[in-house]
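What follows is each chain in one-letter form.
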Amino acid sequence: MPEGSELWNPYRFVPTRDTIRREAPLTRERFVVNAATGELDCLLTTLTPLFIGKETVGKNKQFITRANKPVIPGTSLKGLFRSMAELVGGGCMLVKNKTWEVDDSQEACTDCRSLCITCRMFGMMERQAHARVLKGKISISDGVLVHGDGRLHQAAVYLGSPKPSHTAFYKTPGSGVVDGRQRKFYFHQPGQVDALRHPTAAKEADLWTIDVLPKGHTFRFSVQFENLTDAELSLLLYVVALEERAEVHVPIGGQDDLRLTGPLRHKLGYAKSLGAGSCHVRIETMTLLPTPRSRYSSLACHGEQRWEGGELLKQIAARTTSYVGDSSPTMQALRVMLVWDEKDRRRFSYPDFHWFKHGVNSAVPLKRV
Ligand SMILES: [Zn+2]
């Protein structure tokens, strides 16, 4: 929300990293001695209502289901982790935002032999004639409901957001210009755990209903990976598990400064501006297969390693220290967006229609974070 207002705008932009490093990918023909192949067994618990949309019937958007139970498609989970990896790992911007020019350094990878870390991990397709495809090294199953009755509730929503012509809402933090070197994130809204905030500014005709799944439901999914370098496995673990303890200081001014502490949590699906989609993803077990040489040289497969509980937490901590200890502008801004502090009682809302119509407001900046 703009300066001077008690409300907060539901989203902010996080600046991307300065450079994208590209190199040749490891492919199946290029197994290296220590490349990691294995699986993460994961649980996802909803902290606020969740909406993953299927088709629309009239003015009702339905939740995707299988055998009458809500399900989270693996493609949704892959998209969540890939876009997080693009920001955290300094990858290219695969999905171009049509509202602004992406500068050359952020341009999506175009050559299969020279790829950023996220294209090497998640795959890419060249765009010209005779395009080559690099299959990703990570595959993610659908999230299957394992806890909760799966009953969906209907919520009335207004699915609009400020237009890019309102430049104060789209400037890159730091540079202060609209250049696309940024990623959009929505704040968590721990005050909205039981129901979505009803939109206030919407006209009756613009309202939709969506089928949301309440908080407290848990899904199980697996992440399979092959031939990852140490750096790629570290990034994968970070973007799935995030951080368990972060402290965030938001300098609003004087005594109003906001201090938030808590874990970093993901935000998935739609209606994020109304508080939907906060979820806790945790890795239950990690399994690493033995190196390819021992795997293929012997019929009896020995040496599979498996971690869970405290030993797994130690493994994750050891492999993600470089990200957890990273205080770059990108990571600091990301923590501001992802911190989940149950005591956070900020109220989030877009300005109403009349505020946007009033020309003088187009230059009013957002609150500093
Ligand atoms: Zn790339």
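Please read all numbers here as calculations on a predicted model, not as lab measurements.

**Student:** What exactly am I supposed to notice about the pattern of salt bridges here?
**Tutor:** Pairs can form between side chains of opposite charge once their charged atoms are near each other. One pass over the full model with this rule turns up 18 salt bridges. With a shortest N-O distance of 2.9 Å, E86 and R183 are connected by a salt bridge. Of the two residues, E86 sits in helix α1 (residues 74–89) while R183 sits in strand β12 (residues 182–186), which places them 97 residues apart along the sequence. Looking at E86, the relative accessible area reads 6%, which means it is buried. Connected through salt bridges with shared partners, the residues E23, R120, K137 and E232 form a single ionic network.

**Student:** Explanation requested: the coordination of the zinc ion in the structure shown.
**Tutor:** Ideal values for angles at a metal depend on the geometry: 109.5 degrees with four tetrahedral donors, 90 or 180 degrees with six octahedral donors. Around the zinc ion, the protein supplies C92 (SG), C109 (SG), C116 (SG) and C119 (SG) as donor atoms, at distances of 2.3 Å. Between the four donor atoms coordinating the zinc ion, the angles at the centre fall across 104 to 114 degrees, so the site counts as tetrahedral. When its relative accessible area of 0% is taken as the criterion, C92 is described as buried.

**Student:** What is the right way to look at the nonpolar core in this model?
**Tutor:** Residues F81 and L236 are the most contacted members of the largest nonpolar core, which totals 72 residues. With eight residues, helix α3 (residues 230–241) is the largest single contributor of residues to this core. Not counting the four nearest positions on each side in its chain, L236 is found in contact with L40, M121, I138, V223, F225 and L228. Of all hydrophobic cores here, the second largest spans 10 residues; its members include I20, C112, L115 and C116.

Rules behind the numbers
- Residues numbered from 1 in each chain as written.
- Predicted model: local features only at pLDDT ≥ 70, side-chain atom pairs only at ≥ 80, totals over all residues.
- Heavy atoms only, no water.
- Salt bridge = Lys/Arg side-chain N within 4 Å of Asp/Glu carboxyl O.
- Helix = DSSP H or I, 4+ residues; strand = E, 2+ residues; numbered from the N terminus.
- Buried < 20%, exposed > 50% of the residue type's maximum accessible area, 1.4 Å probe, protein only.
- Donors = N, O, S within 2.8 Å, 3.2 Å for Na, K, Ca; no water.
- Tetrahedral: all angles 85-135°; square planar, octahedral: opposite > 155°, others 65-115°.
- Core = buried A, V, L, I, M, F, W, Y, C linked by side-chain atoms within 4.5 Å.
- Contact = heavy atoms within 4.5 Å.

Nothing here speaks to function; it is geometry throughout.
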